[in-house]
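# Notes for the structure review
One-letter residues, chain by chain:
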Amino acid sequence: MDLEAVSKRSAFHAKPQGLILQYGTAGFRTNAQHLDHIMFRMGLLAVLRSKQTRSTIGVMVTASHNPEEDNGVKLVDPLGEMLAPSWEEHATRLASAEEQDLPKVLAAIVEREAVDPQQTAFIVVGRDTRPSSEKLSQSVIDGVTVLGGQFHDYGLLTTPQLHYMVYCRNSEGRYGQATIEGYCQKLSRAFVELMKQASCSGDGSRWVKVDCANGIGALKLKEMEHYFRQGLSVLLFNDGTEGRLNHLCGADFVKSQQKPPQGMAMKPGDRCCSFDGDADRIVYYYCDAAGRFHLIDGDKIATLISSFLKELLLEIGENLNIGVVQTAYANGSSTRYLEEVMKVPVYCTKTGVKHLHHKAQEFDIGVYFEANGHGTALFSEAVEARIKRLAQELEDEKGRAARMLASFIDLFNQAAGDAISDMLVIEAILALKGLSVQQWDAIYADLPNRQLKVKVADRRVISTTDAERQAVTPPGLQEAINDLVKKYKLARAFVRPSGTEDVVRVYAEATSQVSWDQSTDRVGNQGTQGRSKHSVFGSHHGFPLTSVNTVL
Ligand SMILES: CC(=O)N[C@H]1[C@@H](OP(=O)(O)O)O[C@H](CO)[C@@H](O)[C@@H]1O
Ligand SMILES: [Mg+2]
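One structure accompanies this document, and this report is about it. As the structure is a computational prediction, the values presented were derived from the model and not from experiment. (Residues numbered from 1 in each chain as written. Chains lettered and ligands numbered in written order. Predicted model: local features only at pLDDT ≥ 70, side-chain atom pairs only at ≥ 80, totals over all residues. Heavy atoms only, no water.)

## Focus: the environment of Asp 77
- In this structure, Asp 77 sits in the loop between strand S3 (70-76) and helix H3 (85-96).
- In sequence terms Asp 77 and His 163 are 86 residues apart; their C-alpha atoms lie 8.4 Å from each other.
- If we skip the residues at most four places from it in the chain, Asp 77 touches Arg 49, Ile 57, Met 82, Leu 83, Ala 84 and Val 166.
- At 3.1 Å, the side chain of Asp 77 and the backbone nitrogen of Ala 84 are in polar contact. (Helix = DSSP H or I, 4+ residues; strand = E, 2+ residues; numbered from the N terminus. Contact = heavy atoms within 4.5 Å. Polar contact = N/O pair within 3.5 Å; in protein donor to acceptor, adjacent residues only side chain to side chain.)

## Considering helix H14 (residues 396-411)
- For H14, spanning 16 residues, the distance from its first C-alpha to its last is 23 Å, which sits close to the expected 22 Å at 1.5 Å a residue.
- Those residues of H14 not exposed but buried are Gly 399, Ala 401, Ala 402, Met 404, Leu 405, Ala 406, Ser 407, Phe 408, Ile 409 and Leu 411.
- Those residues of H14 that are buried lie in contact with helix H7 (180-197), helix H10 (298-316), strand S14 (375-379), helix H13 (381-393) and helix H15 (419-433). (Expected span 1.5 Å × (residues − 1). Buried < 20%, exposed > 50% of the residue type's maximum accessible area, 1.4 Å probe, protein only.)

## Some points on the coordination of the magnesium ion (ligand 2)
- Looking at the magnesium ion (ligand 2), one finds its protein donor set to be Ser 64 (OG), Asp 276 (OD), Asp 278 (OD) and Asp 280 (OD), positioned 2.0 to 2.2 Å from the metal centre.
- Taken in chain order, the donor set of the magnesium ion (ligand 2) reads S-x211-D-x1-D-x1-D. Of this pair, Ser 64 sits in the loop between strand S2 (56-61) and S3 while Asp 280 sits in the loop between strand S8 (272-275) and strand S9 (282-287); the two residues are 216 residues apart in sequence, bridging distant segments of the chain.
- Asp 280 sits in the buried class, given a relative accessible area of 7%. (Donors = N, O, S within 2.8 Å, 3.2 Å for Na, K, Ca; no water.)

## Details of the sheet that holds strand S5 (residues 150-156)
- An order of S1-S3-S2-S4-S5 is seen for the five strands of this open sheet, with the pairing classed as mixed. Only two strands of the sheet have a single neighbouring strand rather than two, namely strand S1 (28-31) and S5. Across the sheet, the axes of successive neighbouring strands diverge by a mean angle of 15°, strand direction being ignored.
- As defined by bridge partners, S2 adjoins strand S4 (residues 122-127) across six bridges and the pair is classed as parallel. Among the inter-strand pairings, Gly 58 is bridged to a residue of S4, identified as Val 124.
- Against the sheet, helix H5 (residues 133-146) contacts S2, S3, S4 and S5, and its axis sits at roughly 170° relative to S4.
- Seen against the sheet, helix H6 (residues 159-170) touches S2, S3, S4 and S5 and runs at an angle of roughly 170° to S2. (Pairing = 2+ DSSP bridges. Axes fitted to C-alpha atoms, helices over the stretch in contact; angles between N-to-C directions.)

## Some words on the packing of aromatic side chains
- Here the structure, examined in full by the defined rule, presents 14 aromatic pairs.
- Plain terms: the ring middles of Tyr 329 and Phe 494 are 5.0 Å apart, the flat faces sit at 65° to each other, and that makes the pair edge-to-face. Here Phe 494 lies in strand S18 (residues 492-497) and Tyr 329 lies in the loop between strand S11 (322-327) and helix H11 (332-341), a separation of 165 residues in the sequence. You'll find Tyr 329 and Phe 494 in the same group, each marked buried.
- With a centroid separation of 5.9 Å and 45° between ring planes, the pair formed by Phe 379 and Phe 412 is classed as tilted. Taken together, the residues Phe 379 in strand S14 and Phe 412 in the loop between H14 and H15 connect sequence positions 33 residues apart. (Phe/Tyr/Trp six-rings, centres within 6.5 Å; stacked < 30°, edge-to-face > 60°.)

## A short note on the pairing of S4
- Of all the six residues making up S4, five are buried; the element is thus mostly covered by neighbouring parts of the structure.
- Relative to S5, S4 is paired through six bridges, and the arrangement is parallel. Residue pairing in the sheet places Gly 126 in a bridge with Gly 155 of S5.
- After leaving S4, the chain enters H5 and then returns to the sheet as S5, a path that is right-handed. (Right-handed = clockwise from strand over helix to strand, strands pointing away.)

## What about the site of ligand 1?
- Taken together, 14 residues lie around ligand 1, and Arg 496, Ser 498, Gly 499, Thr 500 and Arg 505 are the ones closest in.
- Measuring from an oxygen atom of ligand 1, one finds a side-chain N or O atom of Glu 370 at 2.8 Å.
- Thr 500 places a polar side-chain atom, nitrogen or oxygen, 2.5 Å from an oxygen atom of ligand 1.
- A total of 430 Å² of accessible area belongs to ligand 1 in isolation, and the protein chains cover 89% of it.
- For the shell around ligand 1, a count of residues per class yields two nonpolar, eight polar and four charged. (Near = heavy atom within 4 Å. Areas by Shrake-Rupley, 256 points an atom, 1.4 Å probe, with all protein chains shown as cover. Nonpolar A, V, L, I, M, F, W, Y, C, P; charged D, E, K, R; others polar.)

## Considerations on unusual backbone geometry
- Look at the link from Thr 473 to Pro 474: it is a cis peptide, with omega at -5°.
- In this fold, Pro 474 is placed in the loop between strand S17 (470-473) and helix H17 (477-485).
- Backbone geometry at Asn 238 places phi at a positive 50°, although glycine is not the residue there.
- Its location among the elements puts Asn 238 in the loop between strand S7 (233-237) and helix H9 (251-257).
- Positive phi values are uncommon outside glycine, yet Glu 468 reaches one of about 70°.

## Observations concerning the pattern of salt bridges
- For the coordinates displayed, the defined rule picks out 37 salt bridges.
- A salt bridge links Arg 49 to Asp 77; its shortest N-O distance comes to 2.7 Å. Note that Arg 49 is positioned in helix H2 (residues 36-53) and Asp 77 in the loop between S3 and H3, a separation of 28 residues in sequence. Considered together, Arg 49 and Asp 77 belong to a single accessibility category, that of buried residues.
- A salt bridge links Arg 244 to Glu 68, with the nearest nitrogen and oxygen atoms 3.4 Å apart. Taken together, the residues span a long stretch of sequence, with Arg 244 in the loop between S7 and H9 and Glu 68 in the loop between S2 and S3 at a distance of 176 residues.
- Arg 244 gets classed as partly exposed once you look at its relative accessible area, which sits at 44%.
- Put simply, Glu 68, Glu 69 and Arg 244 are held in one network by salt bridges that share partners. (Salt bridge = Lys/Arg side-chain N within 4 Å of Asp/Glu carboxyl O.)

Below you can see the structure in the form of structure tokens.
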């Protein structure tokens with residue numbers, strides 16, 4: 001490891017003095033202008049991680065649903081999962097080191113993690129469609145090569161495709177072929193196989209409208225469309241030919257605004273979905289005859305998927321342990337439906353897919369979704385092998401169910417939540433069950449809910465426990481929330497500092513819009529008009545109640 005060469009090369013990617021950025025829930029994310037040194041350094045770190053794990057490591061350049069002028073980067077660990085937490089700390093330390101300290105910080109990581117400098121390193125790089133992404137990914141590659149790492153640049157990819165490539169490469173092809181062709185073929189073959197089983201398919205009449213957020217999802221769907229055309233036609237909107245990335249469109253916009261994206265032609269009853277900017281999230285929606293918008297979010301997606309998988313297991317006669325993982329943002333109706341009607345155990349983790357993913361790995365079959373539409377299903381290796389064997393051995397209805405489940409196992413991207421894969425899973429389930437989008441929506445009624453963002457001087461004054469559902473500090477805050485919430489039926493509210501933005505998030509739900517309005521306003525307003533000794537935000541940061549309401 002030639003640290004002198006690193007220093008020399010780093011001068012071309014010099015860190016602005018004093019700029020400190022943190023590796024957050026989704027890696028580094030900020031305005032693209034501030035990221036060149038971060039990219040170079042993440043190239044360096046990826047090499048060290050690759051040497052340490054003796055595996056291929058991924059680097060994805062994207063800022064997901066953030067505005068076009070932002071960018072970001074995250075590392076992908078050997079099995080396609082998010083970077084291990086201890087390495088997130090190394091990432092922050094490396095990113096914060098002033099130029100002259102860079103070799104020292106690198107050497108400290110090498111020592112701490114017992115990295116063998118002689119070990120070879122292999123890095124795969126992907127990027128989204130942002131104007132800044134190409135140059136920034138070159139800076140990653142510069143970091144990789146100066147430390148002697150080998151690399152493959154996939155160029156434009158969705159985030160979940162990069163996760164898939166990493167997983168394939170580290171499973172010696174067991175998971176699939178690490179090429180775009182391999183990805184398209186694996187998913188499409190499984191999908192087309194499933195659609196053959198659906199009674200009303202095969203006539204080429206099934207279609208769905210897709211809002212691609214003017215992002216990478218559009219390119220990748222166009223590339224893949226002909227592989228699965230037999231089972232589904234996709235009508236693309238916001239495909240990047242005109243509008244700006246994520247601007248008034250995309251999954252994040254639709255979920256947070258609870259309204260349709262701009263640029264999509266919706267007729268009553270049309271089945272529509274939105275991807276986010278890097279195509280790792282999806283939400284569905286439709287308008288009814290009265291023109292009312294209906295959102296079908298990650299919770300309803302998880303419900304559809306887990307109910308269907310459970311039915312298949314029943315048909316096969318397999319008693320496997322299936323669990324659903326959610327976060328505190330999951331609508332209370334979804335949790336109740338899953339537990340009480342479907343009798344599926346539900347677990348709640350902290351926000352951020354790495355927490356959900358990790359928990360879901362504990363089950364034979366773990367289904368996880370954030371309410372915002374990021375999620376997938378994981379199957380243990382033993383279950384995958386067993387179902388694939390049963391698919392060959394069993395006959396009649398049992399055999400048919402086992403073969404369907406085997407196809408679903410291939411259709412899910414088990415490395416990460418994936419809008420394309422999830423869309424195909426959902427379309428297959430709806431077709432197989434003969435469900436319309438309205439019938440799916442009617443499984444249960446969401447409790448009215450809303451999220452607010454509140455800007456405060458220091459969001460770290462709030463700490464939480466119980467998967468972020470209870471505030472521990474500042475003292476008195478939780479009691480104040482409890483007092484408010486108990487006045488309303490089925491009401492629930494919590495506050496937590498965001499891991500990706502400098503804001504505090506407030507969430508509340510209740511049985512009616514009236515209760516909701518009252519409870520959210522009051523919870524959001526705890527710091528301003530609440531008892532000052534219990535103040536979250538401090539009265540000196542005072543903001544009027546209306547500002548809390550208009551932030552989102
Ligand atoms: C309420 C919410 O949607 N939070 C999002 C958001 O995290 P925050 O820590 O809430 O800022 O960004 C994360 C990364 O994209 C995503 O995993 C998460 O679901
Ligand atoms: Mg995303």
